[in-house]
Amino acid sequence: MPEFQYTVTAVKRGWAAGHKEAVVRYVRALAAAFRFIRDRARRDDVIRTIVETTDSSETIARQTLALYFDPERGVLPKQAELDLKGLAQVIAFMGEGGALKPPLPPAERFVDLQYLRAAGVE
């Protein structure tokens, strides 16, 4: 699926507005984590972490990462950025599945990019 928002972090707008510094720090940390996971030089560290946290084998961990990255499939963000077209696809699927009723809302309704911008991510 070339355009699909696989990962999401959500908070209530009022809470985020009252805790902007914490949200921005969270986004920066999330961006750093995605950069770490994607860094080929860190692949063995990531494999080891998957094995330790999931009790899976190294083979399974490597095969799982291959599903995400070989070739690049766009499943994980490069650094916590948001794909509005991908979110629109999620909303469309939710409409098809009956979880949302028409008219379906635009993806932009659910997104406030100020936190990504403040964190230097977009």
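Our subject is the structure that appears above.
So, here's what we can say about the structure. Here the structure is a predicted model, which is why all the values come from computation and not from measurement. (Residues numbered from 1 in each chain as written. Predicted model: local features only at pLDDT ≥ 70, side-chain atom pairs only at ≥ 80, totals over all residues. Heavy atoms only, no water.)

1. Describing the packing of helix α2 (residues 20-38) against helix α3 (residues 43-54)
At a closest axis distance of 7 Å, the pairing of α2 and α3 adopts a crossing angle of 105 degrees. Considering the angle they form, α2 stands roughly perpendicular to α3. Of the residues in α3, those touching α2 at F36, I37 and R38 are R43, D45 and V46. (Axes fitted to C-alpha atoms, helices over the stretch in contact; angles between N-to-C directions. Helix = DSSP H or I, 4+ residues; strand = E, 2+ residues; numbered from the N terminus. Parallel < 35°, antiparallel > 145°, perpendicular 65-115°, else oblique. Contact = heavy atoms within 4.5 Å.)

2. Let's talk about the side chain of R43
Counting through the fold element by element, R43 comes out in helix α3. Despite its burial, R43 pairs with no opposite charge, the nearest such side chain being D70 at 4.6 Å. (Buried < 20%, exposed > 50% of the residue type's maximum accessible area, 1.4 Å probe, protein only. Lys, Arg positive; Asp, Glu negative; His and termini not counted. Salt bridge = Lys/Arg side-chain N within 4 Å of Asp/Glu carboxyl O.)

3. Overview of the pattern of salt bridges
Scanning the entire structure with this criterion turns up 7 salt bridges. Across the pair R38 and E72 runs a salt bridge whose closest N-O atoms are separated by 2.9 Å. Of this pair, R38 sits in helix α2 while E72 sits in the loop between α4 (58-69) and α5 (84-96); the two residues are 34 residues apart in sequence, bridging distant segments of the chain. Given the relative accessible area of 39%, E72 is considered partly exposed. In this structure, the salt-bridge partner of D45 is R48, at a minimum N-O distance of 2.4 Å. Note that D45 and R48 are positioned in helix α3 at a spacing of 3 residues, about one turn of the helix.

4. Structural notes on the nonpolar core
Note on soluble globular proteins: their nonpolar side chains tend to be buried together. If you look at the biggest cluster of nonpolar residues, it comprises 17 residues, and the most contacted ones within it are V23, V27, L65, A80, Y115, A119 and V121. Of all the secondary structure elements, the ones that give two or more residues to this core are α2, α3, α4 and α6 (114-119). It is α2 that provides the largest number of residues to this core, a total of 5 residues. The contacts of A80, once residues within four sequence positions are left out, are V27, L30, A31, F34, L116 and V121. In this structure, L87, V90, A107 and V111 belong to the second largest nonpolar core, which totals 5 residues. (Core = buried A, V, L, I, M, F, W, Y, C linked by side-chain atoms within 4.5 Å.)

5. Observations concerning α3
Helix length check: α3, at 12 residues, gives a terminal C-alpha distance of 16 Å against a target of 16 Å (1.5 Å per residue), a fit within 8%. Of all the positions in α3, only R43, V46 and I47 are classed as buried. Down the axis of α3, the sector holding all buried residues measures 100 degrees, keeping them to one side. Within α3, the exposed residues directed more than 90 degrees away from the buried face are E52 and T53. Where α3 is buried, its residues touch α2 and α4. One or two positions beyond α3, positive phi appears at D55, with a value near 60 degrees. (Expected span 1.5 Å × (residues − 1). Arc of directions from axis to C-beta.)

6. Structural notes on unusual backbone geometry
That bond from P102 to P103 is cis: its omega, 0 degrees, falls within 30 degrees of zero. The phi angle at A80 is positive, at roughly 75 degrees, despite the residue not being glycine. For A80, a relative accessible area of 11% translates into the label buried.

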